[in-house]
Structure formats: structure tokens, C-alpha cells
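# What the coordinates show
The residues making up each chain are set out below.
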Amino acid sequence: MPANLPPEYFEVEKTLRQARTAEEKISIMEKLLSIIPRHKGTEKLVALYRSKIAKLKEEIEQRPAVRKGQLFRIEKSGAGQVIVIGPPNAGKSALIRALTGVEVEVADFPFTTRMAAPYMMPFENIKVQLIDTPPITADFMESWLAEMVKMAEAVLVVLDASSPDSSAQLEVILNRLKERKVELVPGETVIPPDRFPFLKRTLLVLNKSDLAEAGTLAEELEVFFGKILDRISVSAATAEGLETLRGHIFRLLQIVRVYSKVPGKKADYQSPFILKRGSNIMDLARQVHKDFSEKLNYARVWNKEGTVNGLRVTRDYLLNDEDTVELHI
Ligand SMILES: Nc1nc2c(ncn2[C@@H]2O[C@H](COP(=O)(O)OP(=O)(O)OP(=O)(O)O)[C@@H](O)[C@H]2O)c(=O)[nH]1
Ligand SMILES: [Mg+2]
């Protein structure tokens, strides 16, 4: 009996040839299983893929522990580190390419990205470090990925808004991280420093908004998850929503930019000091110079809006984004 396989089957089957790792092969074969129509003529093929997947899973289980425990960290750079995670093919790399202008490898098959890699995203007068990562699936997550999420200041979860699998994939990601003691929380959450399990401020990025099927994911997520995380619709392909996304990423970091100035001179607006939101004059003084932190007498502050204009303040004055400060010994 003929198998009558649809053309999509052969498209995906081609990518199997390029698959190198067991994880990759499993992911592609599962995709094939979801495409193959079920009838007498395809029984053998379905059984074949099932047994291949089972063998590969065994192979993964039996890998030596050293590889599993591999440590991996990326040196922080810029105003903050944001890790970009998600299911295969969601467009994580495409999004990073669109935000940074760097030629990140993007392709139409799963597990294109195999290693974590840092890229710098310009935002106004600062740069934010974005980390591209290999995908997370129900069958596989790199052992070091959860550790890297713990190290980052914030998380972007990229989903393909045109895919019917995205809600289920989000659930897999949330659960996988939870198993490793990482919980993803909304962007405005204030996190106590000694909080355990780790809470990470997160934004859901619903990518591929340019595709016709992309309209319903936001609603679907609302039904499944309620308002657990903030979300934004974008398209890495057309750049729709990307400027808004940049602003969201900046706010996710919960930092303020402060310009320090010498009396009688202009501040350098191109190189702000970066402080955590909630920092005061004394925190700034410590960053500017040891002398200031030891001998600081008072400071003068100007704000962005022009409503604070050279106001004389004490050490515990709370700083706002884009304040200009003159430190006086
Ligand atoms: N239409 C459309 N296609 C997109 C968009 N973003 C990414 N793609 C396509 O989606 C496919 C996957 O993109 P990648 O950026 O490689 O996806 P990824 O999430 O990095 O995938 P892995 O590295 O395998 O985890 C590619 O064919 C991209 O061209 C988008 O906004 N719109
Ligand atoms: Mg990628």
C-alpha cells in the first residue's frame, strides 16, 4: 500500500541529513511523525521513527556525566545581560540579528544555534548584551542553559506566533526551568537579592507577527496562562515592534542612567553611569571615584524633565533615569 506522504514530509526529511546531534535528530523525527498521515501504508515508517527516537534518547541518557555537567558562562558587557531563549525556529537568532545588525546565523530548520553567543544591542546612548542560545524542547535543554539564565539580568522568551505549538512549547520551557529552580516573572517584579528559587524578570516576544496565522497566539496564551508574563508582538522580518521592544528590554533591566558632571562644565551624555533602579547619590559616588565616596559633602541634581534644576541634595537622594549629578566634596 502506498504511503502517500505530503510534500512537507520530504522538505523536513531533507533536514534530517544535516542533523548532527541526537537532540536535533529527535526533534526532526518528531516533526516528521506529526506530518506522516496515519494509515496502513505508513505503519512501518511510523514504527521505524519511533524506534530510532527511542534509541537516540537512550544514547543521550548514557552520555558521560562530564558533558552533562559542563560549565558555561559568558562575560558580562554593557549595561546588562539579557538571555534570549525559546523553542526551535521561533526566530531567536533572527530577532537578535534585527536588533543588533550582526549577521547571526538564521535558518529554516531546528537547532540552527548550538552554542550560546553574546551580541550587543544599541539602545539610545547605551548597549545591552543579548545572548543567543540553542533551543529548548520537551526532549532537550542544554545542561548549562538554566545556569546561564540564573546569571542573566533578564530573559526574553521568543515564540513563533504563527505556530500552533507555541503555548505548549512555552509550558515546556517554564517547566524545564522550574525543575532547575528558575522561575520566570513579569518585568516589574522587584526581586529580593537572596531570593530562592531564582526569579527572573521576563518578557514574552511573540515573533513573526507578519504572518497571517500570527493573530491568535496572544489570546491563546491568555486562556492557558492568564496574565503570568508581559508580552509584545514583533516581526524580526519586517522590523515591526522592534523599537518598542528595545524600550521594553531597557526597562526589564531596571537600571537608571546617570550623567556625572564637573561644576561649571557640561556632562558627557554619551557615557552614563549605570546603576540599579533604587540607587542613591552615595551609590553613584562609589562608582565615580573612591574620593567622592569617602568625602562626599553634597550633590546637585538636574532631571531630564527640567523640573529639578540644580537642586542641592543629600547622600540618600534617589536617582532617576537620565539625572545629571554634580558631586561636591
Ligand atoms: N515570516 C517570518 N519569518 C521569520 C521571522 N523571524 C524568523 N523567521 C524565520 O524563521 C526561521 C527560524 O529563524 P531562526 O532565527 O533561525 O530561529 P531560532 O529560534 O534561532 O532557531 P534555532 O536556532 O534552531 O533554535 C528562519 O527561516 C527565519 O527566516 C519573522 O519575524 N517573520
Ligand atoms: Mg538560532
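Note that the structure is a prediction, hence the values are computed from the model and not measured.

Turning to its location among the elements, Ser-235 is positioned in the loop between β7 (230-233) and α9 (242-252). Residue Ser-235 is classed as buried on the basis of its relative accessible area, which comes to 0%. A distance of 3.2 Å separates a polar side-chain atom of Ser-235 from the backbone nitrogen of Ala-237. Residues contacting Ser-235, with those up to four places away along its chain left out, are Asn-207, Lys-208, Ser-209, Asp-210, Glu-240 and Leu-242.

Right, let's get into the coordination of the magnesium ion (ligand 2). The magnesium ion (ligand 2) binds to the protein through Ser-93 (OG) and Thr-113 (OG1); the donor distances cover 2.0 to 2.1 Å. One end of the pair, Ser-93, is in helix α5 (residues 92-100); the other, Thr-113, is in the loop between α5 and β2 (117-123), and 20 residues separate them in sequence. We note that Ser-93, like Thr-113, is buried.

Here Glu-43 is to be found in helix α3 (residues 43-61). Taking the C-alpha atoms as reference points, Glu-43 and Leu-16, 27 residues apart in sequence, are found 20 Å from one another.

Turning our eyes to something else, we now look at the sheet that holds strand β10 (residues 298-302). Strand order in the open sheet formed by five strands is β9-β8-β12-β10-β11, with mixed pairing between adjacent strands. With one partner strand each, in any of the chains shown, β9 (273-276) and β11 (309-313) form the two edges of the open sheet. When strand polarity is set aside, the average angle formed by the axes of neighbouring strands in this sheet is 35°. In this sheet, β9 lies alongside strand β8 (residues 255-261) in antiparallel orientation, the contact comprising four bridges. The residue of β9 that forms the bridge with Val-258 is Phe-273. In the packing of helix α10 (residues 281-288) onto the sheet, contacts are made with β8, β9, β10, β11 and β12 (323-328), and the angle to β9 comes to roughly 135°.

With that settled, consider the domain arrangement of the protein chain. Considered domain by domain, the protein chain is made up of domain 1 (7-63), domain 2 (69-252) and domain 3 (256-328). The gap between the C-alpha centroids of domain 1 and domain 3 is 59 Å.

Before going further, it helps to spend a moment on the environment of Met-120. Mapped onto the secondary structure, Met-120 falls in strand β2. Judged by relative accessible area, which is 25%, Met-120 ranks as partly exposed. Through-space distance from the C-alpha of Met-120 to that of Glu-58 is 39 Å; in sequence the pair is 62 residues apart. Not counting residues up to four positions away in its chain, the partners in contact with Met-120 are Ser-77, Gly-78, Thr-100, Lys-127, Val-128 and Gln-129.

By the definition in use, this model includes four aromatic pairs. Between Tyr-9 and Phe-10, the aromatic rings sit 5.2 Å apart at their centres with planes inclined by 85°, giving edge-to-face as the arrangement. By relative accessible area, Tyr-9 is classed as buried at 4%. Classification of Phe-10 as partly exposed rests on a relative accessible area of 43%. On the basis of an interplanar angle of 70° and a centroid distance of 4.8 Å, the ring pair of Tyr-259 and Tyr-269 is categorised as edge-to-face.

With that settled, the discussion passes to the site of ligand 1. Close contacts around ligand 1 come from 24 residues, with Lys-92, Ala-94, Phe-111, Thr-112 and Asp-210 the closest. At 3.1 Å, a backbone N or O of Ala-90 approaches an oxygen atom of ligand 1. Measuring from an oxygen atom of ligand 1, one finds a backbone N or O atom of Ala-237 at 3.1 Å. If ligand 1 stood free it would expose 650 Å²; the protein chains cover 87% of that surface. With three residues, the top contributor of residues to the shell around ligand 1 is α5.

Attention now moves to the layout of surface pockets. Over the atoms, a rolling probe the size of a water molecule traces out where space has been left empty. The space that makes up the largest pocket amounts to roughly 980 Å³. Lining the largest pocket are 29 residues, and of these Lys-31, Asn-89, Pro-110, Asp-165 and Gln-169 sit closest to its centre. Of the residues forming the lining of the largest pocket, the biggest block, six residues, is contributed by helix α2 (residues 22-35). When grouped by side-chain class, the residues that make up the lining of the largest pocket number twelve nonpolar, seven polar and ten charged. Lining the lining of the largest pocket are residues from two domains, each supplying at least three of them: domain 1 (7-63) and domain 2 (69-252).

The N-to-C vectors of α2 and α3 enclose an angle of 155°; their axes lie 10 Å apart at closest approach. The angle between α2 and α3 falls in the class roughly antiparallel. Like other packed secondary-structure pairs, α2 and α3 cross with a definite hand, here left-handed. Residues Ala-22, Glu-23, Lys-25, Ile-26, Met-29, Glu-30, Leu-32 and Leu-33 of α2 form the contact with α3, whose own contacting residues are Val-46, Tyr-49, Arg-50, Lys-52, Ile-53, Leu-56, Lys-57, Glu-59 and Ile-60. For the contact of α2 with α3, the residue count by class is ten nonpolar, no polar and seven charged.

Definitions and limits used
- Residues numbered from 1 in each chain as written.
- Chains lettered and ligands numbered in written order.
- Predicted model: local features only at pLDDT ≥ 70, side-chain atom pairs only at ≥ 80, totals over all residues.
- Heavy atoms only, no water.
- Helix = DSSP H or I, 4+ residues; strand = E, 2+ residues; numbered from the N terminus.
- Buried < 20%, exposed > 50% of the residue type's maximum accessible area, 1.4 Å probe, protein only.
- Polar contact = N/O pair within 3.5 Å; in protein donor to acceptor, adjacent residues only side chain to side chain.
- Contact = heavy atoms within 4.5 Å.
- Donors = N, O, S within 2.8 Å, 3.2 Å for Na, K, Ca; no water.
- Pairing = 2+ DSSP bridges.
- Axes fitted to C-alpha atoms, helices over the stretch in contact; angles between N-to-C directions.
- Domains from an automatic or database assignment.
- Phe/Tyr/Trp six-rings, centres within 6.5 Å; stacked < 30°, edge-to-face > 60°.
- Near = heavy atom within 4 Å.
- Areas by Shrake-Rupley, 256 points an atom, 1.4 Å probe, with all protein chains shown as cover.
- 1 Å grid on protein atoms, 1.4 Å probe; cavity = no way out; pocket = protein on both sides within 12 Å on 5 of 7 lines; lining within 4 Å.
- Points joined across faces, edges and corners; volume = space filled by probe spheres on them.
- Nonpolar A, V, L, I, M, F, W, Y, C, P; charged D, E, K, R; others polar.
- Parallel < 35°, antiparallel > 145°, perpendicular 65-115°, else oblique.
- Left-handed = near helix turned anticlockwise from the far one by under 90°.

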